[in-house]
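An overview of the molecular structure
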Amino acid sequence: MEIKAGKLVDPCSTQITKTGAWRTFVPVVDHKECIKCNLCEIFCPEGCIHQVSSKDVDALLKYGYKPDQISSLPKDDILFVPDLNYCKGCSVCAHECPRKAIEMFLEEK
Amino acid sequence: MSQKMSSQAYADKPARSANMKVVEGSYAVAHAVMCCLPDVISAYPITPQTHIVEHLSQMVADGELDSEFLTVDSEFSALSVLVGASAAGARSYSSTTSQGLALMYEVLYNVSGMRLPIVMNVANRALSAPLNIWNDQQDSIGARDVGWLQIYVEDVQEAVDATLQAYKIAEDPAIRTPIMVCMDGYILTHVYEPVELLDKELSREFLPPFQPENILDPSDPKTFGAFADPTTYTEFRYLQFEAQQKALGTIEKVAKEFEETFGRYYGGLVDSYRAEDAEIVIVTMGSVIGTIKDAIDAKRAEGKKVGLVKVRSYRPFPVQALRKTLKDASVIAVLEKDVAIGGEAGLLTDLKAALYNSSIRTPIIGFTAGLGGRDITIKDIRKIVEKADAARKKIESEFEFLDLRMEIL
Amino acid sequence: MEKSLLAPGHRACAGCAMPTTIKLVLDAAGPNTIVVSPTSCLEVTTTPFPESAWCVPWIHSLFENAAAVASGVEVMLKRKCKDTNVVVIGGDGSTFDIGMGSNSGMFERGHKILYVCYDNEAYMNTGVQRSGSTPFCAQTTTTPSGSKSLGNPRPKKDMPAIAMAHKVPYVATASVAYPVDLRRKVKAALRVNGPSYIQVNAPCITGWTFDAGTMIEVARLAVETGLWPLAEWVNGELVGVKKVRRAKPVEEYLKSQGRYRHLFKRPEGADILKQIQAMADANIAKYKLAD
Ligand SMILES: Cc1ncc(C[n+]2csc(CCOP(=O)(O)OP(=O)(O)O)c2C)c(N)n1
Ligand code: SF4
Ligand code: SF4
Ligand SMILES: [Mg+2]
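Let me begin by describing the structure that accompanies this report. (Residues numbered from 1 in each chain as written. Chains lettered and ligands numbered in written order. Predicted model: local features only at pLDDT ≥ 70, side-chain atom pairs only at ≥ 80, totals over all residues. Heavy atoms only, no water.)

1. Focus on the sheet that holds strand S10 (residues 270-273) of chain B
Sheet strands pair by backbone hydrogen bonding; their relative direction is either parallel or antiparallel. Residues and elements named next belong to chain B. Strand order in the open sheet made by the 6 strands is S10-S12-S11-S14-S15-S16, with mixed pairing throughout. On the outer flanks of this sheet lie S10 and strand S16 (399-401), each paired with one strand and no other. Pairwise comparison of adjacent strand axes, ignoring direction, gives a mean angle of 20 degrees for this sheet. Bridge analysis of strand S11 (residues 280-284) against strand S12 (residues 306-311) gives 5 bridges, and the strand direction is parallel. Paired with Val281 across the strands is Gly307, a residue of S12. Across the sheet, helix H12 (residues 346-356) lies against S11, S12, strand S14 (331-336), strand S15 (364-368) and S16, angled at about 150 degrees from S14, the strand it touches most. (Pairing = 2+ DSSP bridges. Helix = DSSP H or I, 4+ residues; strand = E, 2+ residues; numbered from the N terminus. Axes fitted to C-alpha atoms, helices over the stretch in contact; angles between N-to-C directions. Contact = heavy atoms within 4.5 Å.)

2. Section: a positive patch on the surface
All names here are of chain C. A grouping of Lys242, Lys243, Arg245 and Lys288 is seen on the molecular surface, where their side chains present a positively charged patch. Its place among the elements puts Arg245 in the loop between strand S10 (237-241) and helix H10 (250-255). On the basis of relative accessible area, Arg245 is assigned to the exposed category, the value being 60%. (Patch = residues over 30% accessible without salt bridge, like charges linked within 9 Å, V, L, I, M, F, W, Y side chains within 5 Å. Areas by Shrake-Rupley, 256 points an atom, 1.4 Å probe, with all protein chains shown as cover. Salt bridge = Lys/Arg side-chain N within 4 Å of Asp/Glu carboxyl O. Lys, Arg positive; Asp, Glu negative; His and termini not counted. Charge placed at Lys NZ, Arg CZ, Asp CG, Glu CD. Buried < 20%, exposed > 50% of the residue type's maximum accessible area, 1.4 Å probe, protein only.)

3. Description of unusual backbone geometry
Residues Ser128 of chain B and Ala129 of chain B are joined by a peptide bond in cis, for which omega reads 5 degrees. Along the polypeptide, Ala129 of chain B turns up in the loop between strand S5 (119-124) and helix H6 (138-142). Cis rather than trans, the peptide bond between Arg315 of chain B and Pro316 of chain B has omega equal to 0 degrees. By secondary structure assignment, the location of Pro316 of chain B is in the loop between strand S13 (313-315) and helix H11 (319-326). Notably, Lys36 of chain A is not glycine yet its phi reads approximately 60 degrees, a positive angle. In this fold, Lys36 of chain A is placed in the loop between strand S1 (25-29) and helix H1 (39-43). With a phi angle near 45 degrees, Asn235 of chain C is a residue other than glycine that sits in the positive phi range. Mapping Asn235 of chain C onto the fold places it in the loop between strand S9 (231-234) and S10.

4. Some thoughts on the site of ligand 2
Surrounding ligand 2, one finds 14 residues, the nearest of these being Cys44, Cys87, Cys90, Ser91 and Cys93 of chain A. Grouping the constituent residues of the shell around ligand 2 by class yields 10 nonpolar, 2 polar and 2 charged. (Near = heavy atom within 4 Å. Nonpolar A, V, L, I, M, F, W, Y, C, P; charged D, E, K, R; others polar.)

As structure tokens, this is what we get:
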């Protein structure tokens, strides 16, 4: 960081702050129940629920999935995945999911 | 030459161009603003500033000036409009005084903190209560710590010239600091005087277009005005402090450049009149200088070595320049049109502080006078000279109200 | 959904409606937008120097001058013949109270500016004090319940009516719980060649105290009880309302939040509940919500 007169703040730069550290409860999505209504994505205050192809292993790893969890995900599907780097665990997504496909669990850290 | 103030040296020359006209001070300033080609003007009427903005409105209405003029709900909004305009890349102008400046107070800090190079003429006036619409300088002196540069002018010609200079100083990438050009209300805004109006072409050559590094632009979407916590706030303030220090050089440099183009010079930071060999030196700012010069001439005729130092740049405060000009005085008297109620007065306090760590050990006494528009007369100046003379042996009073009407107290 | 124009990593409380509201507004407005915001929770949580959550140009100046700042931006864009949206996103404190003069000036001058108020019905940034938007008998830290107080003594200020008194051509109320409606209204407002005003109900978990995760549900209840009608006015004419087929009793909404808890504990509360129900009924009649 350098402070210079007239030097302004860069866009989207809060991304360096991983607010996932705030979380107590973690959302877990049951992708088989998900009907792709995208309400969780719309309502998430962090804007951290993303649509990811189940083949996009890099993205899944980046958003917080463990390798062994990835193998049990539905194949060839678009998944709604919370990015655990930013998810604050507010549980709005779980509450709003019309299929109750998202459940909050106390996170073991 | 040494007996003349630098501005005087040029005023004595015959009118050099067809632009010399007898006009109202406010018109002359409005004309100068027009020559600066501001993109956006926003102001709110208040006596005695009104004529400046009325003239500008007319110039815009007549198509003489291609600026956006926003009439707003308050001075607070006027300066706020300019925050947005300036951040969007506009050369921006406002003018106010007194209550209007006070109402702007919060925005003043904001503008300087955001490093927006807005220029504003302050038509100095007293503050309420009691309500009073006449001249003094309590308004802008009270705003001395808001982070703006402040230039105090002596006459209408200097107000005109300083307005053009102000944009060049403010917009300098190393400075990026807003400026108030302070002129005594009524005395300079309402007077009709021969003034050499600025030449539009020359002004355009003198003042390059405003080219800010960043503006509000979707193709480079920056954030302006973020929230700074204790880990960074100090550095933002330090940078402003540093820019004001740099401005000491820039103000001087721009004054010289102005002289090269327009042939007029007022001193950059300070100026003086018969001060070289003076034993008694009066230090002051603004239009009262004319009266003081007359008084000095009279005193000199009586054999008293009296001189004057004019502070032109009050922010940044020209510590070194003042130490240099005042080093041989045997007594200093500060005269100013403001009072720091509960303390002394702005210029006096700043000058004492400036000299304290120098080798100068000259007695300094201070006077407030001319509050709420009371005339400062030659008799008043004589009184100052007498008191200063006496103070060489013993200081009777460090600070006083010079023109108090004891009979009504 | 397109990539959000509000980045994650901002510091809003978990479960706050404000970031969701911003996301929806920006989603509808698109990247060719400049946002002006007053001091508020929004400002401190989205722009902690040297970071910013904003992916569009954004400027904050003060608490009470966003509409004036936006006016300056808009005027300069027009001068440069730039067709960029200028949107103010501000809290109810700046919108209803301290920025009223500046808003009035902006409305009256007819700038092409969309003013969005995310209305959380109090000064949240300073710790939940009452604003002109705080509803009748809601508790805040400056209108607490006590032996001589039942919370905020006055009803909410009618800000849409104030905007319409300025002949603002497009005025709407919206809710974070109705994203399709909100986005459509933002788009409609941005098509207007003049000022527009949208007031979005945006619950604050900290100030209203509701259960984790119920932010959207609380906002939905405000609409379903008739306390927050979703309405739309063009040139002062009501052109649309969201129907509420079977309005829920206001108790359901009030019970969902701690700020109304005292009404259910204190005997005087019963009468207040009736008064609040009457307010909802009046809305239902006025806007023909149930027809
Ligand atoms: C002139 C001034 N007075 C008071 C404040 C303190 N202040 C900052 S934000 C705020 C409340 C903001 O309320 P609102 O606009 O409703 O936004 P919210 O934080 O609720 O989202 C207050 C009182 C200030 N910054 N400036
Ligand atoms: S718990 Fe909250 S923050 Fe996390 S993904 Fe769900 S809505 Fe987003
Ligand atoms: S205090 Fe309320 S409005 Fe502010 S960030 Fe927290 S939840 Fe949002
Ligand atoms: Mg609020």
